Amino acid sequence: DAGVTQSPTHLIKTRGQQVTLRCSPKSGHDTVSWYQQALGQGPQFIFQYYEEEERQRGNFPDRFSGHQFPNYSSELNVNALLLGDSALYLCASSLDRGLQGYTFGSGTRLTVV
Amino acid sequence: GQQVMQIPQYQHVQEGEDFTTYCNSSTTLSNIQWYKQRPGGHPVFLIQLVKSGEVKKQKRLTFQFGEAKKNSSLHITATQTTDVGTYFCVGGGYQKVTFGTGTKLQVIP
């Protein structure tokens, strides 16, 4: 199955630390978007990467940054972790910047203590 | 900024009953997508609507995009226990992607 792969699946970090989450898009997809989903809430858009550049950004502080590599995989970095950053982080890949729908990965569950 | 609201927030139905969730955007949408998220799972793409007044069907599911492209609906006929989950509409395309607030559907066998 060439779906969206995210790693790690679970992570526990201490407040103030930094974290890097990784995403490999579905085969053939060129766009990667990241979302934060708090428990019981809908996913909140963080940013979208296309052609190795950040194309759109949601209402998240600069502590959240990302990168897309030539093979379309992507990383999400969060600095100076806060307790409120605890959430499920979802990666979604797509073609043509999402105009044909997004394929989501299973997510990384981040817990900040 | 753009806001996408869904109603109802929760819905409990008896198996076999119909279900409808409504999605309303504060701004005109270039397109709208619908996703289903099972408990403990991740969102799964269901469909995309692009044209004003568009109606699409997938078996027991009927999706509609409003004439003004600011609202949409998802109707499920004769619900089954496999329909349990949270349904999200998403204002997508080149504009900032905004998930709706979601409607959580519980189906009572």
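First, a word on what this report is: a plain description of the structure on this page.

Each value, and the rule that gives it
- Residues numbered from 1 in each chain as written.
- Chains lettered and ligands numbered in written order.
- Predicted model: local features only at pLDDT ≥ 70, side-chain atom pairs only at ≥ 80, totals over all residues.
- Heavy atoms only, no water.
- Phe/Tyr/Trp six-rings, centres within 6.5 Å; stacked < 30°, edge-to-face > 60°.
- Helix = DSSP H or I, 4+ residues; strand = E, 2+ residues; numbered from the N terminus.
- Buried < 20%, exposed > 50% of the residue type's maximum accessible area, 1.4 Å probe, protein only.
- Contact = heavy atoms within 4.5 Å.
- Buried area = accessible area lost by both parts, 1.4 Å probe.
- Pairing = 2+ DSSP bridges.
- Axes fitted to C-alpha atoms, helices over the stretch in contact; angles between N-to-C directions.

Going through the model one piece at a time under the given rule, you end up with 12 aromatic pairs over all chains. When the centroid spacing of 5.4 Å and the interplanar angle of 45° are considered together, the rings of Y35 of chain A and F104 of chain A count as tilted. Here Y35 of chain A, found in strand 4 (residues 31–37), pairs with F104 of chain A, found in strand 10 (residues 103–104); they are 69 residues apart in sequence, far enough to count as distant. Comparing Y35 of chain A with F104 of chain A shows no difference in burial state: the two are buried. Plain terms: the ring middles of Y35 of chain B and F99 of chain B are 5.9 Å apart, the flat faces sit at 35° to each other, and that makes the pair tilted. Highlighted residues: Y35 of chain B in strand 4 (residues 32–37) and F99 of chain B in strand 10 (residues 98–99), separated in sequence by 64 residues. On the basis of relative accessibility, which here comes to 8%, the residue F99 of chain B falls in the buried class. Aromatic ring contacts, followed pair by pair, group Y35, F45 and F104 of chain A together with Y35, F45, F88 and F99 of chain B into a single cluster.

Each side of the interface is counted separately: chain A has 19 residues, and chain B has 15 residues. Summed over both partners, the interface of chain A with chain B comes to about 1,500 Å²; 54% of that surface belongs to carbon and sulfur atoms. By the criterion of area lost to chain B, the three top residues of chain A are L99, Y102 and F104 of chain A, representing 34% of everything that side buries. Listed by contribution, the elements that provide at least two residues to the side of chain A that touches chain B are strand 4 and strand 6 (53–57) of chain A.

Once that is clear, we can look at the sheet that holds strand 8 (residues 71–76) of chain B. Residues and elements named next belong to chain B. Pairing in this open sheet of five strands is antiparallel, and the strands run 1-3-8-7-6 from one edge to the other. A strand with exactly one partner marks an edge of an open sheet, and here the two such strands are strand 1 (4–7) and strand 6 (55–58). This sheet shows a mean twist of 15° between the axes of neighbouring strands, independent of strand direction. In the sheet, strand 6 pairs with strand 7 (residues 61–65) via four bridges, with the strands oriented antiparallel. From the neighbouring strand, K57 faces strand 7, where its bridge partner is T62.

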